[in-house]
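# Residue-level structural notes
One-letter residues, chain by chain:
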Amino acid sequence: MLNYVSTYALRRDVSSAYVADLTNAARQFSAWLGGAAVTVQDDDVNAWLAHLKDSGLYRPATIKGKRTSLVTLLRAAYDDGLRPNQPRRIRTIKIPDIVIDGWDRQQVGRLLAA
């Protein structure tokens, strides 16, 4: 899959930062999988995502970004005839709402009056 990133980038107008994200996700997944096969199963991807979550090293938004990058590559590989099927049952990554503790109008008014 890591080799496919350069093919993907050549066929699309994408930024170098985006290619770096794709490369990073493909490299991490391939290292975890122990190979670079494009024909991985959905359960392999799901197990990797669960591993990332369980490791505690990544925030949900980071895991979601890695998931998006990997699914993008898998779909493109399918479009190019390198995979027998589309990725279908890849687990979603839920990002918790960010609760912002802010001031209300009265508190801001008191601050400005001071």
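A quick note: this is a predicted structure, and the numbers were derived from the prediction, not measured.

### Observations concerning the packing of helix α1 (residues 2-10) against helix α2 (residues 16-33)
- Running from amino to carboxyl end, α1 crosses α2 at an angle of 160 degrees, the nearest separation of the two axes being 8 Å. Between α1 and α2, the crossing angle belongs to the class labelled roughly antiparallel. For the pair α1 and α2, the sense of crossing is right-handed. On the side of α1, the interface is formed by Leu2, Val5, Tyr8 and Ala9, while α2 contributes Tyr18, Val19, Leu22, Thr23, Ala26, Arg27 and Ser30.
- Across the contact of α1 with α2, the residue classes break down as eight nonpolar, two polar and one charged.

### Some details on the confidence of the model for the protein
- Of all residues in the protein, 97% have pLDDT values of 70 or greater, and the mean over the chain is 92.
- The secondary structure element of the protein with the lowest average pLDDT is α1, at 90, and the one with the highest is helix α3 (residues 42-55), at 96.

### Things to note about the environment of Ala26
- Residue position: Ala26 is located in helix α2.
- Remark: the alpha-carbon pair of Ala26 and Tyr4, spanning 22 residues in sequence, is separated by 9.0 Å.
- Apart from residues lying up to four places away in sequence, Ala26 is in contact with Met1, Leu2, Val5 and Leu73.

### Observations regarding the side chain of Asp42
- Among the structural elements, Asp42 can be located in helix α3.
- With no salt bridge to any partner, buried Asp42 finds its closest opposite charge in Arg83, at an N-O distance of 4.2 Å.
- Separated by 3.0 Å, the side chain of Asp42 and the backbone nitrogen of Arg89 make a polar contact.
- Setting aside residues no more than four positions away along its own chain, Asp42 makes contact with Arg83, Pro87, Arg88, Arg89 and Ile90.

### Structural notes on the environment of Lys64
- Along the chain, Lys64 turns up in helix α4 (residues 60-79).
- Separated by 16 residues in sequence, Lys64 and Trp48 place their C-alpha atoms 12 Å apart.
- Those residues in contact with Lys64 that sit more than four places away from it in its chain are Ile93 and Ile95.

### Examining α1
- Three or more residues of α1 are buried, namely Tyr4, Val5 and Tyr8. What you see down the axis of α1 is that its buried residues fit within an arc of 115 degrees, all on one side. Residues of α1 that are exposed and point more than 90 degrees away from the buried face comprise Asn3 and Leu10.
- Looking at the buried positions of α1, the neighbouring elements they touch are α2 and α4.

### What to know about the packing of aromatic side chains
- This model, assessed by the stated rule, comprises two aromatic pairs.
- Of the aromatic side chains, those joined through ring pairs into one cluster are Phe29, Trp32 and Trp48.

Procedures and definitions
Residues numbered from 1 in each chain as written. Predicted model: local features only at pLDDT ≥ 70, side-chain atom pairs only at ≥ 80, totals over all residues. Heavy atoms only, no water. Axes fitted to C-alpha atoms, helices over the stretch in contact; angles between N-to-C directions. Helix = DSSP H or I, 4+ residues; strand = E, 2+ residues; numbered from the N terminus. Parallel < 35°, antiparallel > 145°, perpendicular 65-115°, else oblique. Left-handed = near helix turned anticlockwise from the far one by under 90°. Contact = heavy atoms within 4.5 Å. Nonpolar A, V, L, I, M, F, W, Y, C, P; charged D, E, K, R; others polar. pLDDT = per-residue confidence, 0-100. Buried < 20%, exposed > 50% of the residue type's maximum accessible area, 1.4 Å probe, protein only. Lys, Arg positive; Asp, Glu negative; His and termini not counted. Salt bridge = Lys/Arg side-chain N within 4 Å of Asp/Glu carboxyl O. Polar contact = N/O pair within 3.5 Å; in protein donor to acceptor, adjacent residues only side chain to side chain. Arc of directions from axis to C-beta. Phe/Tyr/Trp six-rings, centres within 6.5 Å; stacked < 30°, edge-to-face > 60°.

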